[in-house]
Structures are given as C-alpha cells and as structure tokens.
Amino acid sequence: MELLFERFLSEERGEWPDIDLDLPSGNERERVIQYVYQRYGPRGAAMTANVITYRNRMAAREMGKVMGFDEDTLKRISAAVATWEFKDENDALDRRLRDAGLDLKHPRIRKYFELCLAAQDLPRHLGQHSGGMVICEGRLDSVVPLEPASMPGRVVVQWDKEDCATWASSKSICWVSA
C-alpha cells in the first residue's frame, strides 16, 4: 500500500501522532458512533464540542435585542453587517452601521457599537463536532463535564478539539478525531 507512516510518527512534529479514521457521513457513520457509545458506555465516550462564537450578524442581532431595538431595526442592521469581515476604512463596522441609518454619536447607538465589537468572537454556545470523539476507559465525566447533545443518543464533552488534544497530550492519552 506504500503508506508513509513517518507522517504520523515523525519526531519533528513534537506531538502525538494524528491518525484519523475517515468514515462516510450518514447512517454508516452514525452506526459507528453508536457502537462506540455502546462499547464504552454513556460515561466513557462523547463527541467533541465545537465552540460557536459570535460572528458579525449574530453579535449585531443579540446586542440589538439587549439594547431593546425593534424588529425592523434589527433586520436592517443584520442585513448591513451580514457580510462585514474586514476592518479597514472601506469596510468597518461603524461605516456599516451608519449605512444602516444609525447615528453613532447617539449615546445608545454608541454603546450598541461598543457591545457589538466586544462580543465579536466570544463563545455563544457549544455545538457538536461532526466526527470527533473522546473515548475513556474509565469515567470520562470525572475528567471533563459532559452534556446531552441536541441529537438523541449522543453526549458531548464541554471541550473543543484543541482542548481535547492539549489534555490528551498532557496525560499521554490518545483521543479520536474524525
């Protein structure tokens, strides 16, 4: 098969091997996930979390709700900032808000602008990584908090992929990431 195992076992990497098992999406992947849950139990295996952060549009909507903006204003602002990503003179949040008809000199609008900037990239909620799992011989919940996933028959650790990798390497333990 001419596999290059050095890719996984290279000393230059300075970290544990990253060996993935790629499974097709759909029913076959779910069968494997459910097998792992049955094999290791509800406290011995869990899906890896995916931390969902505030992006432009969601930050604008949520902060607008906090500030008591009406639905029409929220829609107008959300549409104006939906594609905002670059922070330069031609595509800055303050310019987008002015284009949406907001006066940034007004104290309430100024505070709204500050809240939107502060909320950018902050965690909003935990999602479920599409294929990363953590498997533990003992009780996984003695190491990391677990929570039921929104999808029935699944459990999620409250760590994202990077947190899991950091913890596993500090304990010389392997974890599964798809």
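Refer to the structure presented above.
Residues numbered from 1 in each chain as written. Predicted model: local features only at pLDDT ≥ 70, side-chain atom pairs only at ≥ 80, totals over all residues. Heavy atoms only, no water.

Asks: I'm lost on the packing of aromatic side chains in this one. Help?
Replies: In this description, an aromatic ring pair is defined by two values, namely the gap between the centres and the angle between the planes. For the structure on display, the rule yields 1 aromatic pair. The interplanar angle of 55 degrees and the centroid separation of 4.9 Å between the aromatic rings of Phe-69 and Tyr-112 together place this pair among those described as tilted. Here Tyr-112 lies in helix H6 (residues 107–119) and Phe-69 lies in the loop between helix H3 (56–66) and helix H4 (71–81), a separation of 43 residues in the sequence. Like Phe-69, the residue Tyr-112 is buried in the burial classification. (Phe/Tyr/Trp six-rings, centres within 6.5 Å; stacked < 30°, edge-to-face > 60°. Helix = DSSP H or I, 4+ residues; strand = E, 2+ residues; numbered from the N terminus. Buried < 20%, exposed > 50% of the residue type's maximum accessible area, 1.4 Å probe, protein only.)

Asks: For this particular structure, what's the right way to read the packing of H3 against H6?
Replies: Contact geometry of H3 with H6 gives a least axis separation of 9 Å together with a crossing angle of 135 degrees. Considered as vectors, H3 and H6 are oriented oblique to each other. Here H3 runs over H6; the crossing is right-handed. On the side of H3, the interface is formed by Ala-59, Ala-60, Met-63 and Gly-64, while H6 contributes Tyr-112, Leu-115, Cys-116 and Ala-119. (Axes fitted to C-alpha atoms, helices over the stretch in contact; angles between N-to-C directions. Parallel < 35°, antiparallel > 145°, perpendicular 65-115°, else oblique. Left-handed = near helix turned anticlockwise from the far one by under 90°. Contact = heavy atoms within 4.5 Å.)

Asks: Could you clarify how one ought to interpret H4 in this entry?
Replies: An α-helical turn contains 3.6 residues, so any two residues separated by three or four positions project in the same direction. Taken together, the buried positions of H4 are Thr-73, Leu-74, Ile-77, Ser-78, Ala-80 and Val-81. Down the axis of H4, the smallest arc covering the buried residues is 160 degrees, so these residues share one side. Facing away from the buried surface of H4 by more than 90 degrees, the exposed residues are Asp-72, Lys-75 and Ala-79. For H4, the secondary structure elements touched by its buried residues are H3, helix H5 (93–99) and H6. Regarding H4, its N-cap is Asp-70, as a side-chain oxygen of that residue lies 3.1 Å from the backbone nitrogen of Asp-72 further along. (Arc of directions from axis to C-beta. Polar contact = N/O pair within 3.5 Å; in protein donor to acceptor, adjacent residues only side chain to side chain.)

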